[in-house]
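Per-entry structural report
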Amino acid sequence: MKKLLLLSSAACFALTMTTNTAAAVDQQSLISIGAGSYNAFDDESEADFRLEYRSGKSLFTPNLHPYIGAEVTSDFSTWVGVGLLYDWNVAPNIYVTPSFGAGLYTDGSSDKDLGYPLEFRTQLEVSYEFQNQHRLGAAISHLSNASLGDHNPGTEALNIYWHIPMGDLF
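Let us look at the structure shown here. These numbers were taken from a predicted model, which means no experiment stands behind them.

Turning to the overall build of the protein chain, a few remarks are in order. The helix and strand inventory of the protein chain stands at 2 helices and 9 strands. Reading the secondary structure of the protein chain in the N-to-C direction produces α-β-β-β-β-β-β-β-β-β-α. Residues classed as buried in the protein chain amount to 43% of the 170 residues present. Looking at the protein chain alone, contacts between residues at least 24 apart form 57% of all its contacts between residues at least 6 apart. Here the protein chain displays about 8700 Å² of accessible surface, and carbon together with sulfur accounts for 64% of that area.

Shown next, in the form of structure tokens:
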């Protein structure tokens, strides 16, 4: 499952990077709130909560955006990181968003030791954008230390996201 998620995220990212697109047009920045299941495919899953800032500024190519985020579980496992996402509008109001980030991880009171303080998060999200530019999305993600540590169990999470344009908040 881990290899499938990594492979599909990499394939989506590569496909979107090679797509012929128009000049970069900045979008609205988004505040993203997520909730779901951490260790989603294990017997002992935990609640997962996320807060992210997704910049509307394009980097290097259209629709490639930086993000910063934090993830905390019900056992206080915490990941705080930064990364890049590609916001791909595949159909009217439908977005596919692969992302990659790196951050610091601590296992809190959980028994889930991911083996290294530096953890990488890959994610694939599908979302629907409403007329007011709010979005509702579902994502699957994988946290792994990419074998930097002696121990690399990795873990998956399933989340539901609500994305709110910054202009609606301030």
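Once that is clear, we can look at empty space enclosed by the protein. Across all of its chains, the model carries 2 cavities of 30 Å³ or more by this definition. Its boundaries defined by the atoms lining it, the largest cavity holds a volume of some 50 Å³. Forming the boundary of the largest cavity are Gln27, Gln28, Leu30, Arg54, Ser55, Gly56, His65, Leu85, Asp87, Thr97 and Arg135. When grouped by side-chain class, the residues that make up the lining of the largest cavity number 2 nonpolar, 6 polar and 3 charged.

The phi dihedral of Phe76 falls on the positive side, at around 65 degrees, and the residue is not glycine. Turning to its location among the elements, Phe76 is positioned in the loop between strand E3 (64–73) and strand E4 (78–86). Phi is positive for Gln133, which is not a glycine, with a value near 70 degrees. For Gln133, the position within the fold is in the loop between strand E7 (118–129) and strand E8 (135–144). A residue is classified by how much of its surface remains accessible, and Gln133, at 36% relative accessible area, is partly exposed.

A few words on the side chain of His142. Summarising the element assignment, His142 is placed in strand E8. Take His142: its relative accessible area is 3%, and that puts it in the buried class. One polar contact links His142 to Glu156, side chain to side chain, over a distance of 2.6 Å.

What counts as what
- The numbers attached to residues start from 1 for each chain and follow its sequence in the written order.
- A pLDDT threshold of at least 70 governs which residues receive local features in this predicted model, and a stricter bar of 80 or more applies before side-chain atom pairs are shown or counted, although totals over entire chains, interfaces and linings include all residues.
- Side-chain calculation: all heavy atoms of the structure are included, whereas hydrogens and water are not.
- Helix numbering and strand numbering both begin at the N terminus, where a helix is a DSSP run of H or I of at least 4 residues and a strand a DSSP run of E of at least 2.
- Burial classes: relative accessible area under 20% of the type maximum marks a residue as buried, over 50% as exposed, and values in between as partly exposed (1.4 Å probe, protein chains only).
- Two residues form a contact once any of their heavy atoms are found within 4.5 Å.
- In short, Shrake-Rupley with a 1.4 Å probe defines the accessible areas, and a residue's cover is counted only from the protein chains shown.
- The way it works is a 1 Å grid over only the protein atoms, where trapped points that fit a 1.4 Å probe form a cavity and open points with protein on both sides within 12 Å along at least five of seven lines form a pocket, and then any residue with an atom within 4 Å of a point lines it.
- Grid points are joined across faces, edges and corners, and a volume is the space filled by probe spheres set on the points.
- Classification convention: Asp, Glu, Lys, Arg as charged; Ala, Val, Leu, Ile, Met, Phe, Trp, Tyr, Cys, Pro as nonpolar; all other residues, Gly among them, as polar.
- Between N or O atoms, a polar contact is any pair within 3.5 Å; within protein, one atom must be a potential hydrogen donor and the other a potential acceptor, and residues adjacent in sequence are included only when both atoms are from side chains.

The values reported here are purely geometric and, on their own, carry no functional implication.
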